[in-house]
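Working through the structure, step by step
Now for the letters of each chain:
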Amino acid sequence: MTDETERPITSTPLASLRAAAFWPLRLVMNLIDRPLTWLQATFGQRAMIVFFLLPNMAIFGIFVMLPLVINVIYSFTGGSALFLDDRVGVGFEQYQTLFDCRDFTDPFSCRQDAFWAGVYNTLTFMLLQVPAVALTALVTALVLNREMRGRGFWRAIFFFPVLLSPVVVGLIWKWILERNGLLNALLNGLGLEGTVWLGDSFWAMFWAIFVSTWAHMGFYTLILLAGLQSIPRDLYEAADMDGTSRPRALLRITLPLLWPTMLVVLILALIRAVQIFDEVYVLTGGGPGTSTQMLVQYIYQTGFAALLRNLGLAAAASILMGLVLMVLTLLQLGIAARRSREVAG
Amino acid sequence: MAYRHLNLALPLLAGTLLASPALAQTEIRIMWYSDGNEGEVVADLLERFEAEHPEIDIVLDEVAYQTIQENLPVQLESGRGPDIARVTNLQTLNEHWLDLRPHLSDPAYWEENFGSFLDWMRPAGSDAIPGFVTQLTVTGPFINATLFQQAGVEVPEQGATWEEWIPALRQVAEATGVPIPLAMDRSGHRFSGPAISYGAQLIDDEGNPVVPDDGIRAMAENIVNWHQDGTMAQELWGGVSGTTYVGANQEFANAEVVMYFSGSWQIAQFANQIGDAFDWWAVPNPCGTAACTGMAGGAGLVGIAYTEHPEEVATVMEYLASEPVIREFTARTLFLPAHAGLASSGVDYVSDDPNVARALDVFLAEVGRLEPKAIAMQAYRFNSILYGAIITRLGQVVAGELTLDDALARMEVDIADQIAEASR
């Protein structure tokens, strides 16, 4: 039997050209094939799984697991030095500092009041922004799913803010909302009195939620649109033949069948809400006071922005936040697994 | 045989000729930030240096101030970084500065002319010469004098107190429809000058923090009252959280502010931005019950301890610190000189703007009126902790989150906690 790597197979000119072009590739594949065949023959099928997963696992280990472990170690150290060698071991002291509270319902009774203000602000943001973004995305998806003129254009319009950098989003809205901004100019033009929107706690949180909803709605709309389009059309045709009204079809067909997709949207929005930092930081700087200072901003300011950095405290806070995110991610994975079982079943 | 030798020799000769200038040159990197035109000026000065010293190739890395504050310390901690850097955080990072003394041809010149400020950049008790202060800065107010003229209000004279200034500012704002009578940089450093004027100690003789005290409380009460009665705009101090800096340069340049309390480093920027749109004057620091002082500050050029070329770094530094060069630098950048020789002989500033000349005169006079504490704070290792705690907590009072009493109590705890953490 002739070895294909030795010379190209020639029959027609085109085939010989193709064979010549693929000859180096075949050579490489043959070179790889021999050790892999040996590996499979010696260690069995499982070794192959490990072999193919190894590069990805190495990247994941170096860039995700290792920093995570280092972060955990940092959370048990103190001082202002950057490198672990120069830092002092302090056990659970950083965690104790974070949990040193007279009354957990009142952030200002805590030693690290900025941390707890961040926790409560993130919670408030999450409870208000997630339903807001899910609801507006749902309504938008339902509208965009209908037959209409320029549907592609409208979809692009709603998706456009997702393409913007969070810093750009924050800056645009800051210019709109500042004392001499577009909104106040508009109100003044209408004979109404403007206000310092970002100088008031209530309005600052309102605009943080509004801007974040505006910026991310398009992404979730896209997911829900895909969910809507996966609902079989014949269900609607059958309902139509039975004389079912549109609102009833929405309640009895669309929403129940869209619910698994909506769950994914809710979990993704929850994770994003817990991680919120960039656009709110650019928009409000966490103010007024600490009224829009989120948990990630606390970590950033404690660990990086201060001239004398408290990396231990920042690491401990980030570990606590990581635990919350882990619970949410497991929830998402559980839902996704259940959904795929349902689809398979 | 002869050809074979020629074949070998020619490439070798060509390679040597091409490589020799590059091999002979030592590269010195300078990390530099600019408030105004100083990057352009120093680039020009360094070009002349390179013409005189072909053996040294200088790479000027112009970066944002934030890079100096956030990235440079990380580089230094890992034993890397540029050869020379322009920094404001002179004291906290002093362990990373190169002692130039053994490499300088005339250390006495440095002590004589920059001696007053060397303690800002070296550990207490050390005689090291890490670099020099490129410019001295003093905090103080600017006013929109045109608005005063339009309102027909007299500008309070030197020695006027805050209690005399505030009604005048409000009167001008009301008469001219300007929204902000007083704006002050959201910065603990800017707050500290007026606080010292009300008797604040900030640190005792042993270097222990004395925050809060009656002076801090008096000025903090002023700040809170001025926000409540509309003298100061809510969004500057109350609009952000933590230690975030907020300035009012744009608002002042747009004639939306009657008095802007900032510092001498704004002169070049205002000369450029405002031009002859209105008369902007620097005025002496308003007085409190104890003094009429601003705060000293400044940027310094320091050698970095991890450089592989300390001799060349010293050569560059000696050139930049020499009297003719620093004189030209100061004259063209409109900075206050930190060089004793220049301070006594005076500088012919390169500007025909009368507002610039007036502002420089006022700030130079303010240097002489600085309280010792306002200078000593610059050499205090934990000054950023004090400033940070003050501005964080006062911001919360302005935003209505804390009472002044709570804020002052928390300042003390914050400072103690952070110093303890940094001292481990």
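Going by the structure above, here's the rest.
Throughout what follows, the structure given in this document is the object of discussion. Note that the structure is a prediction, hence the values are computed from the model and not measured. Residue indices follow the written sequence of each chain, beginning from 1 at its first position. Naming scheme: in the order in which they are written, chains are lettered from A and ligands are numbered from 1. For a predicted model such as this one, the threshold for reporting local features is a pLDDT of at least 70, and the threshold for listing and counting side-chain atom pairs is 80 or more; totals across whole chains, interfaces and linings nevertheless cover every residue.

1. Some points on the overall build of chain A
Rule in force here: Put simply, DSSP marks the helices as runs of H or I at least four residues long and the strands as runs of E at least two long, and each gets a number from the N terminus on. Radius of gyration here is computed from C-alpha atoms only, and the compact-globule reference equals 2.2 Å multiplied by the residue count raised to the power 0.38. With C-beta atoms placed from the backbone, a residue is labelled by how many other C-beta atoms lie within 10 Å of its own: buried for 20 or more, exposed for 12 or fewer, partly exposed between the two. Contacts here follow a simple rule: the backbone-placed C-beta atoms of the two residues must lie within 7 Å.
In terms of helices and strands, chain A carries 13 helices and two strands. Against the 2.2 N^0.38 benchmark of 20 Å for 345 residues, chain A shows a C-alpha radius of gyration of 28 Å, more extended than a compact globule. A principal-axis box enclosing the C-alpha atoms of chain A has dimensions of 85 × 75 × 40 Å. Burial status across chain A gives 29% buried among its 345 residues. Put simply, of all contacts in chain A between residues at least 6 apart along the chain, 64% involve residues at least 24 apart.

2. As for the overall build of chain B
Scanning chain B from terminus to terminus reveals 18 helices and 10 strands. Since a compact globule built from 424 residues should have a radius of gyration of about 22 Å, the 24 Å found for chain B is in line with a globular shape. Projected onto its principal axes, the C-alpha coordinates of chain B cover approximately 95 × 50 × 40 Å. Buried positions account for 48% of the 424 residues belonging to chain B.

3. Let's talk about the pairing of strand β8 (residues 257–263) of chain B
Residue and element names in this part refer to chain B. Counted only if it meets this: DSSP bridges decide pairing: two strands pair if at least two such bridges lie between them.
Counting buried residues along β8, seven of its seven residues qualify, which places the element largely inside the surrounding structure. As paired elements, strand β4 (residues 131–144) and β8 share five bridges and run antiparallel to each other. Bridge pairing in β8 links Ile143 to Met259. Here strand β5 (residues 180–184) pairs with β8 via four bridges, running parallel. When the sheet's bridge partners are listed, Ile180 is paired in β8 with Val257.

4. Topic: the interface of chain A and chain B
The cut-off we apply is this: The nonpolar class holds Ala, Val, Leu, Ile, Met, Phe, Trp, Tyr, Cys and Pro. Asp, Glu, Lys and Arg form the charged class, and all remaining residues, Gly among them, are polar.
The partner chain B presents 27 residues to the 26 residues of chain A that form the contact. When the residues that make up the side of chain A that touches chain B are grouped by side-chain class, the tally is 11 nonpolar, 14 polar and one charged.

5. Comments concerning the packing of helix α4 (residues 113–144) of chain A against helix α8 (residues 201–229) of chain A
Residue and element names in this part refer to chain A. For clarity, the cut-off: Think of each axis as a best-fit line through the C-alpha atoms, taken over the contacting stretch in the case of a helix, with angles from 0 to 180 degrees between the N-to-C directions. Our angle categories are set so that under 35 degrees counts as roughly parallel, over 145 as roughly antiparallel, 65 to 115 as roughly perpendicular, and the remainder as oblique. Handedness of each helix crossing follows the sense of rotation of the near helix against the far helix: counterclockwise by less than a right angle gives left-handed, clockwise gives right-handed.
The N-to-C vectors of α4 and α8 enclose an angle of 45 degrees; their axes lie 7 Å apart at closest approach. Judged on the interaxial angle alone, α8 and α4 are oblique. The handedness of the crossing between α4 and α8 comes out as right-handed. Of the residues belonging to the contact of α4 with α8, the class tally is 17 nonpolar, eight polar and no charged.

6. Structural notes on helix α18 (residues 404–422) of chain B
All names here are of chain B. Rules: Take the number of residues in a helix, subtract one, and multiply by 1.5 Å to get its expected span. Arc, as used here, means the arc of the directions from the helix axis to the C-beta atoms.
Relative to the 27 Å expected for 19 residues at 1.5 Å per residue, α18 spans 27 Å between its end C-alpha atoms, a close match to the ideal helical length. Those residues of α18 lying buried are Ala407, Leu408, Met411, Asp414, Ile415, Gln418, Glu421 and Ala422. Viewed along the axis of α18, the buried residues span an arc of 155 degrees, placing them on a single side of the element. For α18, exposure combined with an orientation more than 90 degrees from the buried face picks out Asp405, Val413 and Ala420.

7. Remarks on the environment of A:Thr261
Residue and element names in this part refer to chain A. By the secondary structure assignment, Thr261 is in helix α10 (residues 246–274). When the C-alpha positions of Thr261 and Leu311 are compared, they lie 39 Å apart, and in sequence the two are 50 residues distant. Filtering out sequence-adjacent residues up to four positions away, Thr261 remains in contact with Ile223, Leu224 and Gly227.

8. A word on the nonpolar core
This is how the line gets drawn: Connectivity within a nonpolar core runs through C-beta atoms within 7 Å, and the core itself is a set of buried Ala, Val, Leu, Ile, Met, Phe, Trp, Tyr and Cys residues.
The biggest cluster of nonpolar side chains holds 119 residues, and the ones touching the most others in it are B:Ile84 and B:Ala183. Sorting elements by how many residues they give to this core places helix α17 (residues 383–398) of chain B first, with nine residues. Judged by nonpolar contacts, the second largest core, of 58 residues, contains A:Phe125, A:Val196, A:Leu198 and A:Tyr281.

9. Let's talk about helix α6 (residues 166–177) of chain A
All names here are of chain A. Counted at 1.5 Å a residue, the expected span for α6 with its 12 residues is 16 Å, and the 16 Å between its end C-alpha atoms agrees. If you check which residues of α6 are buried, you get Val169, Gly170, Trp173 and Leu177. Mapping the buried residues of α6 onto a view down its axis gives an arc of 95 degrees, with all of them on the same face.

10. Details of unusual backbone geometry
Of all residues except glycine, most have a negative phi; of all peptide bonds, most are trans. Of note, the bond from A:Gly287 into A:Pro288 is cis; its omega dihedral lies within 30 degrees of zero at -5 degrees. Relative to the helices and strands, A:Pro288 resides in the loop between α11 (278–284) and α12 (295–305). The residue after B:Val211, namely B:Pro212, is reached through a cis peptide bond having omega 5 degrees. Residue placement: B:Pro212 occurs in the loop between β7 (209–210) and α8 (214–228). The backbone of B:Leu202 sits at a positive phi, close to 65 degrees, despite the residue not being glycine. A positive phi angle, close to 60 degrees, is found at B:Ala255, a residue other than glycine. Position of B:Ala255 among the secondary structure elements: in the loop between α10 (249–253) and β8. Here B:Ala255 falls in the partly exposed class, since 16 other C-beta atoms lie within 10 Å of it.

11. Some details on the environment of A:Pro161
Residue and element names in this part refer to chain A. For Pro161, the position within the fold is in helix α5 (residues 151–163). As a C-alpha pair, Pro161 and Ser109 span 52 residues in sequence and 39 Å in three-dimensional space. Leaving out residues up to four positions away in the same chain, Pro161 has contacts with Val169, Trp214, Ala215 and Gly218.

12. A short note on the pairing of strand β2 (residues 56–62) of chain B
Residues and elements named next belong to chain B. Going by this rule: Viewed with both strands pointing away, a crossover whose connecting path from the first strand over the helix to the second turns clockwise is right-handed.
The sheet contact formed by strand β1 (residues 26–32) and β2 spans seven bridges and is parallel. Opposite Ile28, over in β2, you have Ile58 as the bridge partner. Assessed by its sense of winding, the connection that carries the chain from β1 through helix α2 (residues 38–52) to β2 is right-handed.

13. Quick word on the packing of helix α7 (residues 188–197) of chain B against α8(B)
Any two packed helices are characterised by how steeply their axes cross, that is the angle between the axes, and by the distance between the axes. Residues and elements named next belong to chain B. Running from N to C, α7 and α8 point in directions that differ by 115 degrees, and their axes come no closer than 8 Å. With respect to their mutual orientation, α7 and α8 come out roughly perpendicular. Of the two possible hands of crossing, α7 and α8 adopt the one that is right-handed. Judged by residue contacts, Phe191, Pro194, Ala195 and Ile196 of α7 engage Gly215, Ile216 and Met219 from α8. Each residue belonging to the contact of α7 with α8 can be placed in one class, and the counts come to six nonpolar, one polar and no charged.

14. Things to note about the environment of A:Trp116
Residues and elements named next belong to chain A. Summarising the element assignment, Trp116 is placed in helix α4. Given 23 C-beta atoms within a 10 Å radius, Trp116 is considered buried. Residues Trp116 and Met294, 178 residues apart in the sequence, show an inter-C-alpha distance of 9.4 Å. Residues in contact with Trp116, not counting those within four places in the same chain, are Cys101, Pro107 and Cys110.

Keep in mind these values describe shape, not function.
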